[in-house]
Each structure stands twice: as C-alpha cells, then as structure tokens.
Amino acid sequence: MGALGSARTQLTPVARIAFLAGAAWLVLHELHAVLDPSLDVGPLFSRYAHDVLLLLAGGLCVAGGLRRPGTERVAWLLIGAGVLAWSLGEVYYTAVLWDDSSPPIPSLADIGYLLFPPFALAGAVLLLRARARGAPRRRWLDGFAAALSVAALSAAIVFNTVLGNVAGDTAAVATALAYPLWDLILLGVFVGALAGTGWRMDRTWMLLAVGVSTFWLADSLYLVRTAQGTYESGGWFDAGWWAGLTLIALAAWQGDPPPDRRPADERLRAIALPLGFGVVGLGLLVYAGIADVNPLAVGLAAASLLAVMGRTVVVFDDNVAMLHASRDEALTDSLTGLGNRRALTRSLAVRLEELTAERPLVLALFDLDGFKHYNDTFGHPAGDGLLVRLGASLAAFMNGRGEVFRMGGDEFCALFEVGADGADPIVQGAAQALSEYGEGFSVTCSHGAIVMPGEAETAAEALRLADQRMYANKHAGRVSAGRQTADALLRALAERDPNLGAHAEAVELAVATARRLGLAADEIERVRHATELRDVGKVAVPDAILGKPGPLREEEWAFVRRHPVIGERILSGAPALERVAPLVRASHERWDGTGYPDRVAGEAIPLGARIVAVADAFAAMTADRPYRAARAPAEALVELRDCAGSQFDARVVEAFAAARATRGATVRV
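Residues numbered from 1 in each chain as written. Predicted model: local features only at pLDDT ≥ 70, side-chain atom pairs only at ≥ 80, totals over all residues. Heavy atoms only, no water.

Q: Let's hear about the overall build of the protein chain: which residues, and what values?
A: Regarding its fold elements, the protein chain presents 26 helices and five strands. For the protein chain, long-range pairs separated by at least 24 residues make up 71% of all intrachain contacts whose partners lie at least 6 apart in sequence. For the protein chain, the accessible surface area stands at approximately 31200 Å², while carbon and sulfur atoms represent 61% of it. (Helix = DSSP H or I, 4+ residues; strand = E, 2+ residues; numbered from the N terminus. Contact = heavy atoms within 4.5 Å. Areas by Shrake-Rupley, 256 points an atom, 1.4 Å probe, with all protein chains shown as cover.)

Q: Lay out the nonpolar core in plain terms, naming residues and giving numbers.
A: Of all hydrophobic cores here, the largest spans 47 residues; its most connected members are Trp76, Trp86, Phe116, Trp242, Leu245 and Ile248. Among the secondary structure elements, those contributing two or more residues to this core are helix H2 (13–35), helix H3 (49–66), helix H4 (70–97), helix H5 (108–131), helix H7 (170–196), helix H8 (203–228) and helix H9 (238–251). Each residue touching Leu245, except ones within four places of it in the same chain, is listed here: Leu54, Ala57, Val83, Trp86, Ser87, Phe116 and Phe215. Of all hydrophobic cores here, the second largest spans 27 residues; its members include Leu386, Met398, Ala430 and Leu434. (Core = buried A, V, L, I, M, F, W, Y, C linked by side-chain atoms within 4.5 Å. Buried < 20%, exposed > 50% of the residue type's maximum accessible area, 1.4 Å probe, protein only.)

Q: So, the pattern of salt bridges: which residues are in play, and what are the values?
A: Following the criterion strictly, the structure yields 17 salt bridges and no others. For Lys372, the salt bridge is made with Asp376, and the minimal N-O distance between the two is 2.9 Å. Linking Lys372 with Asp376, this pair stays in helix H13 (residues 371–378), spanning four residues, or about one helical turn. An identical accessibility class is assigned to Lys372 and Asp376; each is exposed. (Salt bridge = Lys/Arg side-chain N within 4 Å of Asp/Glu carboxyl O.)

Q: Give me the lowdown on the side chain of Arg534, citing residues and values where you can.
A: Relative to the helices and strands, Arg534 is located in the loop between helix H19 (521–532) and helix H20 (543–546). Polar contacts involving the side chain of Arg534 include one to the main-chain carbonyl oxygen of Thr531, which spans 3.0 Å. Polar contacts involving the side chain of Arg534 include one to the side chain of Asp616, which spans 2.6 Å. (Polar contact = N/O pair within 3.5 Å; in protein donor to acceptor, adjacent residues only side chain to side chain.)

Q: How would you sum up the packing of aromatic side chains? Please name residues and give values.
A: Two aromatic rings, taken as a pair, are described by how far apart their centres are and by the angle between their planes. Here the structure, examined in full by the defined rule, presents seven aromatic pairs. Each ring, one from Trp25 and one from Trp242, has its centre 5.6 Å from the other, and the planes form 50°; the classification is tilted. One end of the pair, Trp25, is in helix H2; the other, Trp242, is in helix H9, and 217 residues separate them in sequence. Comparing Trp25 with Trp242, the two get one shared label, buried. Between Trp86 and Tyr113 the ring centres are 4.9 Å apart and the planes differ by 45°, which places this aromatic pair in the tilted class. Placement of the pair is Trp86 in helix H4 and Tyr113 in helix H5, with a sequence separation of 27 residues. Like Trp86, the residue Tyr113 is buried in the burial classification. Counting every residue linked through ring pairs, the aromatic cluster contains Trp86, Tyr113, Phe116, Phe215 and Trp241. Against the face of Phe397 rests Arg401, its NZ or CZ located 4.2 Å from the ring centre. (Phe/Tyr/Trp six-rings, centres within 6.5 Å; stacked < 30°, edge-to-face > 60°. Lys NZ or Arg CZ within 6 Å of the ring centre and 35° of its normal.)

Q: Mind laying out the environment of His29, listing which residues take part and the relevant values?
A: By the element assignment, His29 lies in helix H2. Along the primary structure His29 and Leu44 are separated by 15 residues, whereas in three dimensions their C-alpha atoms are 8.8 Å apart.

Q: Can you break down the sheet that holds strand S3 (residues 411–417) residue by residue, with the values?
A: The strand order S2-S3-S1-S5-S4 describes an open sheet built from five strands, whose pairing is antiparallel. Each end of this open sheet is capped by a strand with a single partner; those strands are strand S2 (402–408) and strand S4 (436–438). Averaged over all pairs of adjacent strands, the angle between their axes in this sheet comes to 20°, without regard to strand direction. With nine bridges joining them, strand S1 (residues 361–369) and strand S5 (residues 441–452) adopt antiparallel strand pairing. Of the residues in S5, the one forming a bridge with Leu365 is Gly448. Against the sheet, H13 makes contact with S1 and S5, and its axis sits at roughly 150° relative to S5, the strand it touches most. (Pairing = 2+ DSSP bridges. Axes fitted to C-alpha atoms, helices over the stretch in contact; angles between N-to-C directions.)

Q: Got a sec to walk through empty space enclosed by the protein? Specific residues and values, please.
A: Enumeration over the complete set of coordinates arrives at two cavities of 30 Å³ or more. Residues belonging to the lining of the second largest cavity are distributed by class as follows: four nonpolar, one polar and four charged. (1 Å grid on protein atoms, 1.4 Å probe; cavity = no way out; pocket = protein on both sides within 12 Å on 5 of 7 lines; lining within 4 Å. Points joined across faces, edges and corners; volume = space filled by probe spheres on them. Nonpolar A, V, L, I, M, F, W, Y, C, P; charged D, E, K, R; others polar.)

Q: I'd like a description of the pairing of S2, backed by residues and values.
A: The pairing of S2 with S3 spans six bridges and is antiparallel. Residue pairing in the sheet places Gly408 in a bridge with Glu411 of S3. A loop of two residues connects S2 with S3, the two strands running antiparallel in sequence, and Gly409 in this loop sits at a positive phi of about 60°.

Q: Account for unusual backbone geometry, naming residues and giving values.
A: In this structure, the amide linkage connecting Tyr596 to the following residue, Pro597, adopts the cis form with an omega of 15°. As for its position among the elements, Pro597 is in the loop between helix H23 (581–585) and helix H24 (607–621). Here the phi dihedral of Arg599 falls at roughly 55°; this positive angle occurs in a residue that is not glycine. Mapping Arg599 onto the fold places it in the loop between H23 and H24. Relative accessible area serves as the criterion here: at 58%, Arg599 is assigned to the exposed category.

Q: Describe in detail the environment of Ala615, supporting the description with residues and values.
A: Along the chain, Ala615 turns up in helix H24. Taking the C-alpha atoms as reference points, Ala615 and Glu508, separated by 107 residues in sequence, lie 9.0 Å from one another. Once residues within four sequence positions are removed from consideration, Ala615 is found in contact with Ala506, Ala510 and Phe656.

Q: A description of the pairing of S3 should follow, citing residues and the corresponding values.
A: Sheet faces and side chains relate simply in a regular strand, where the side chains alternate between the two faces. With respect to burial, S3 is a largely interior element, six of its seven residues being buried. Of the strand pairs in this sheet, S1 and S3 are connected by seven bridges, and their pairing is antiparallel. Considered in S3, the bridge of Phe366 is made with Phe412.

Q: Talk me through H19; I want residue IDs and the actual numbers.
A: Its 12 residues place the ends of H19 17 Å apart at the C-alpha level, agreeing with the 16 Å of an ideal helix rising 1.5 Å per residue. Restricting attention to buried positions, one finds in H19 the residues Ile524, Arg526, Val527, Arg528, His529, Ala530, Thr531 and Glu532. (Expected span 1.5 Å × (residues − 1).)

Q: Describe the confidence of the model for the protein chain, listing the residues and the values that go with them.
A: For the protein chain, the mean per-residue pLDDT works out to 78, and 74% of the residues sit at or above 70. Taken element by element, the protein chain is modelled with least confidence in helix H1 (residues 2–6), mean pLDDT 40, and with most confidence in helix H14 (residues 380–398), mean pLDDT 92. When the criterion is pLDDT under 50, residues 1–7 qualifies, and its contacts beyond four places in sequence or with other chains add up to 12 contacts. (pLDDT = per-residue confidence, 0-100.)

Q: Just give me the short version of the packing of H4 against H5, but keep the residues and values in it.
A: One way to put it is that H4 packs onto H5 with a least axis distance of 7 Å and a crossing angle of 165°. In terms of orientation, H4 and H5 fall into the roughly antiparallel class. For H4 against H5, the interelement crossing comes out left-handed. In the contact of H4 with H5, the residues fall into 24 nonpolar, five polar and three charged. (Parallel < 35°, antiparallel > 145°, perpendicular 65-115°, else oblique. Left-handed = near helix turned anticlockwise from the far one by under 90°.)

Q: Give me the side chain of Ser347: which residues, what numbers.
A: Following the sequence through the fold, Ser347 ends up in helix H12 (residues 341–353). Those residues in contact with Ser347 that lie beyond four places of it in its chain are Glu403, Phe405 and Leu415.

Q: Talk me through the packing of H13 against H14; I want residue IDs and the actual numbers.
A: The contact between H13 and H14 brings their axes to 7 Å, and the two run at 135°. On the basis of their axis angle, the class for H13 and H14 is oblique. Counting all contacts with H13, which are made through Phe371, Tyr374, Asn375 and Phe378, the residues of H14 involved are His380, Ala382, Gly383, Leu386, Leu387 and Arg389. Here the contact of H13 with H14 is built from residues that sort into six nonpolar, three polar and one charged.

Written out as structure tokens, the structure is:
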C-alpha cells in the first residue's frame with residue numbers, strides 16, 4: 001500500500017466519532033439533494049445544520065494542529081484559522097443572506113470566505129517547508145510547473161466565465177474576481193506542494209489535495225452558475241465546500257509519513273507528471289490560438305512551459321554533474337585520493353602520443369616493504385591511515401615534478417619527465433617519501449623504473465618491465481633476516497619501555513645524513529639499524545635507574561655506561577646484525593675522546609656511529625623530558641654546531657643540518 005497505507009492517524013476516540021458523524025450527515029444530505037428530496041430527518045436537514053458541521057471541522061482542524069510539534073503546529077493553526085474564517089462567513093450568509101435573491105457584494109460573509117485562501121496558503125507553505133526540506137531543485141520546478149498549469153486551467157475555465165459576466169461597482173467587481181483568483185492560486189499552490197514533495201501521496205497530502213480539489217470544484221461551480229444567474233442555495237454541489245473543509249480538518253489528524261526508501265527519481269511519475277502538466281500548458285496555448293482565452297490563463301500556461309523547460313535544464317545539469325563525479329570516482333583511488341590504475345593507463349596513453357626522445361618519460365613503480373607487518377601489528381584501520389599518509393607524502397614530493405597514482409594494495413606509481421639531474425634523484429626522493437619509521441616498525445619500499453621511449457613503446461610493455469624491475473629490486477635489496485631481527489628487538493624494547501628505541505625522525509635523518517655523506521647502500525642500512533637499536537643494551541639497566549627523576553649517583557652511571565657494550569653483545573648474537581654491533585658500541589663516544597665505553601676519538605670512531613650520535617642528540621634535545629621541555633629544532637641545531645669539534649664530528653653535523661633542511665622541504669615522516 002506504500003506510504004499512503006502505512007501512515008498512522010492520531011485520531012482520538014472523540015475526534016473519530018465527530019468525523020464519522022460529519023461523514024454520515026454529508027451522505028444523508030447528498031441522498032436528499034440528489035436521489036430523494038422527500039427524505040426528511042428532522043433538524044438534521046435544517047438550514048443551520050451544515051453550519052454546525054463547518055464549525056466542528058474548524059475546531060477539529062485547530063485541535064489537530066495543537067497536537068503537532070514546532071513548525072507543523074503553526075502551519076495547521078493557520079489552516080484551521082482559515083477553515084474557521086470560511087465557516088463563520090457561511091454562518092453569517094446562512095443567518096442573514098440565505099433567502100436574499102440578490103445578496104450585497106461585498107458583505108461580511110465575503111470577508112470570511114476570502115480569508116480562507118491566504119490562511120490556508122500560508123499554512124501550506126510552512127507545512128511544505130517542514131516536510132520537503134532539502135528537496136532538489138528539479139522538484140521545486142516540478143511544483144512551479146504543476147501550480148502554473150493548474151492555475152492556467154482554472155483561469156481559462158472559471159476566471160474567464162466570471163470575467164465575462166462580472167458587473168457592478170469597483171468593490172463588487174474586485175470581490176467577484178477575487179474568488180476565482182484565490183481559487184486558482186489555492187489549487188495551484190496545493191498541487192505544486194504535492195509536486196514539491198516528490199508526489200509522495202501520504203495521507204496528509206492526499207486528504208489536503210482531495211479536500212482542496214473538492215472545495216475548488218464546488219467554488220468553481222458556484223461562480224459559474226452565479227455568473228449565469230442559475231445558482232440556488234442548498235444544491236447538490238454545496239456539499240463540496242463542507243466536505244472539502246472536513247477533509248482538510250481530517251488531514252490535520254494524520255501521523256507523520258514513513259520514510260520513503262525509494263528515490264523519487266526512480267518512479268515513472270517523477271517525469272510523467274511534470275510532462276503531463278507541461279502538455280496542459282501547451283494545450284491551453286494552442287486553444288488560445290483558436291478561441292478567446294483571457295491573458296491571465298495564457299500567461300500562466302506560458303509560464304508553466306518555461307518551468308518545464310527550466311526543469312529540463314536543471315536535470316541536464318544534474319546529470320552532467322553526476323557524470324563528472326562518476327568519471328572522477330572511476331579514475332580516483334577512494335582511500336588516498338590519488339589516481340588509480342585506470343587513471344595511469346589513460347595518462348600513459350595520452351603521454352605516449354606526445355613522447356619524443358628529447359623529452360623522455362619515466363615510469364616508476366613502488367611496492368611497500370614492511371607494510372604487512374605494520375598491518376598485522378597495528379590493525380587494518382591503522383594500515384589504511386599509513387597508506388593515506390604515504391600517498392600524501394608522495395604527492396607532496398612529486399608536486400611540480402610529475403603525476404602519482406596508487407595501483408592498489410601497497411603499490412604506488414609515479415610518472416614524470418627526466419630532470420636535469422636525471423631520473424635517479426626523483427626516484428630516490430619518492431622512495432623516501434614512501435617510507436615511515438616508528439616504535440616497533442619500519443616501512444620502506446622497493447622500486448623499479450624505466451625510461452620511455454628508449455625502453456618501452458607501449459603502456460602495457462612499460463608497466464610489465466617496471467614491475468619486473470621493482471620485484472627484482474625487492475628481492476635483491478631485501479635484508480630479510482636483519483630486518484626481521486631488528487623488528488623483533490624493537491618490539492622487545494617497546495614492551496620494556498615505550499620511551500626506549502629510536503624516534504622515527506632520528507632514524508630518517510640518520511639515513512639521510514649517511515646518504516649525503518656518500519655511504520654505500522649496505523652502510524646506510526647499517527646506520528639505519530644502529531640508530532633504531534642504539535638503546536637495546538638498556539634492557540639490562542634497572543628500571544629504578546632508567547626512570548629516576550633526579551641526578552644519578554656514580555655507581556648508577558656505571559650501569560648506564562655499560563649499555564653500549566651490552567647492546568653490542570646482544571646484536572653480535574644475531575648474525576644478520578653482527579655488523580651493526582660495533583656502531584651501537586661506539587654510538588656514545590665523543591670526537592674529543594671523552595665518551596664511553598672505550599674513550600676513542602676522532603676518525604677512530606666509526607663514521608656510522610658518529611652519525612648515530614648526532615641524530616640521537618638532536619632527537620633527545622627536541623623531545624620532552626621529565627626534567628625539561630623540548631627545545632625548538634633551530635635551537636637544537638645551534639647546540640649541535642656549538643659542540644662540533646668537541647662532542648661531535650663537525651662534518652657530520654653540517655651534513656645532518658643539510659639533510660634535515662632538504663628533508664623538511666620534501667619528505668614527510
């Protein structure tokens with residue numbers, strides 16, 4: 001049964017009895033008026049009986065409105081006020097003008113009658129705002145088209161007749177014309193309101209529509225017959241006024257409609273009804289070409305066609321917007337917002353057509369290493385967050401250099417033209433952008449790149465070759481045993497004390513410094529592990545010493561100074577990290593020979609250990625401690641330079657400062 005059948009009424013027992021009694025009286029009246037004029041049920045057919053029904057309808061409408069919340073209460077009180085105004089006008093007409101063959105125009109009855117439409121319209125607008133909030137533009141245009149075409153039809157039939165027969169002074173003419181004008185506005189607005197709700201015929205709007213239509217029909221017949229001089233009180237269609245107002249009052253007692261789960265645009269009536277109203281407007285314009293139709297009807301009919309045309313434009317604009325959105329979604333990775341594989345294929349097809357030997361194009365593929373471990377350790381939501389961060393980091397690095405894509409899973413791609421320094425610096429920078437380190441994890445990437453057109457002529461060939469090189473790089477450069485052992489030790493450190501272990505920034509800066517100093521790839525990897533594991537020996541230092549808030553005694557310092565030696569012994573027990581152990585042992589030595597545990601100095605300290613010492617000191621100074629606040633990075637760099645030549649290697653300090661400046665501009669950790 002849909003929304004119409006599932007909405008619940010809010011009728012109380014008293015209200016239900018009142019409405020049933022009114023319906024029974026209306027049926028009896030029509031039987032008397034149409035089938036058997038001799039039918040007599042005493043006072044129920046007295047001249048004032050219908051006034052009782054009308055006043056009852058007005059009171060019920062107001063009572064139903066009082067049960068509504070917020071805006072709907074105001075809406076129904078306005079509609080109820082209109083019903084009561086019309087009813088009071090009818091009471092005056094029945095008491096004073098019923099037997100008058102030529103009642104005065106205007107009269108007090110006319111005031112009551114003419115107050116109903118503005119009150120009802122104001123209430124309908126408020127009700128529509130409450131129930132159709134957020135409706136799309138095309139639905140409002142449907143409402144305008146429906147209202148205008150129905151108003152045009154009313155103007156052509158009723159207003160035309162009244163206009164041709166109206167006579168009298170200015171007040172009489174204005175009053176006579178006000179009725180058909182208000183009628184066509186009233187009917188048009190209520191039909192337009194139905195269109196504005198997407199033609200959702202719940203009980204409230206159905207009763208309102210039937211009630212207003214019935215009222216309009218009775219009013220229209222009255223106006224036509226009055227203009228023709230054939231109207232008599234108590235006729236069969238007089239019940240149309242009374243039934244219409246009663247139906248409007250009954251609408252005030254209906255419950256809220258259930259949510260419509262079907263999009264309105266999927267229904268045939270969503271397009272059929274607007275086109276139908278457009279046909280009505282077109283038919284009136286055609287009829288106006290062969291018959292006499294008043295200008296108001298012609299203007300309203302033309303406006304209804306303009307509303308239908310406006311709806312067509314709006315629908316076209318919405319469809320174009322949906323097409324663009326669908327196209328963007330088809331070419332965009334939903335997680336990172338980068339282009340997807342389809343976008344890469346399309347971009348490659350375009351770029352290959354413009355490719356020349358003078359402007360070669362580089363296709364680089366990147367596959368994350370350590371991502372599965374990260375996912376397993378921290379969970380898939382954290383893994384998605386990491387992919388988003390790395391994608392943003394890659395996009396920031398490649399901004400102004402080329403295009404970036406996510407191929408799916410943990411695989412990314414970059415497409416760029418070879419720069420003045422060749423392709424390798426950009427590939428390495430992109431690889432750094434796709435790396436992140438932290439407590440218990442290290443995510444890096446393997447990569448493979450090809451240059452077109454020299455190494456591939458087609459997109460499929462380029463992707464195949466780059467993919468082969470990426471996986472060759474992954475297998476050739478993988479130090480799986482060392483990485484796995486380091487990860488296990490980092491996890492043990494984190495379980496012992498989250499403050500132990502290297503800060504992600506310290507690791508990345510140490511690697512960047514080693515690269516700037518020209519260390520080989522395997523030496524850079526040693527520096528990475530040494531920075532991560534420099535505190536591993538502290539697992540043998542008692543918690544009371546590690547967490548002591550005040551200064552340490554000399555015997556406590558002795559425990560602390562032993563941790564590099566203990567760290568060396570731990571790492572030497574793992575063959576994959578045996579070459580890292582000497583760097584950890586020497587990471588607390590000083591350039592001037594006053595460090596520990598061996599008091600070596602200068603070049604005798606391994607270069608990797610000197611790098612670790614600088615990165616460690618910078619991380620310590622820029623982190624909060626229980627006994628002091630973190631220093632600003634600029635202050636920490638000044639301190640490093642002040643200690644260069646005594647505590648630190650001056651060459652390493654300058655390389656570190658340069659690496660940090662470069663990294664801050666291009667890579668997000």
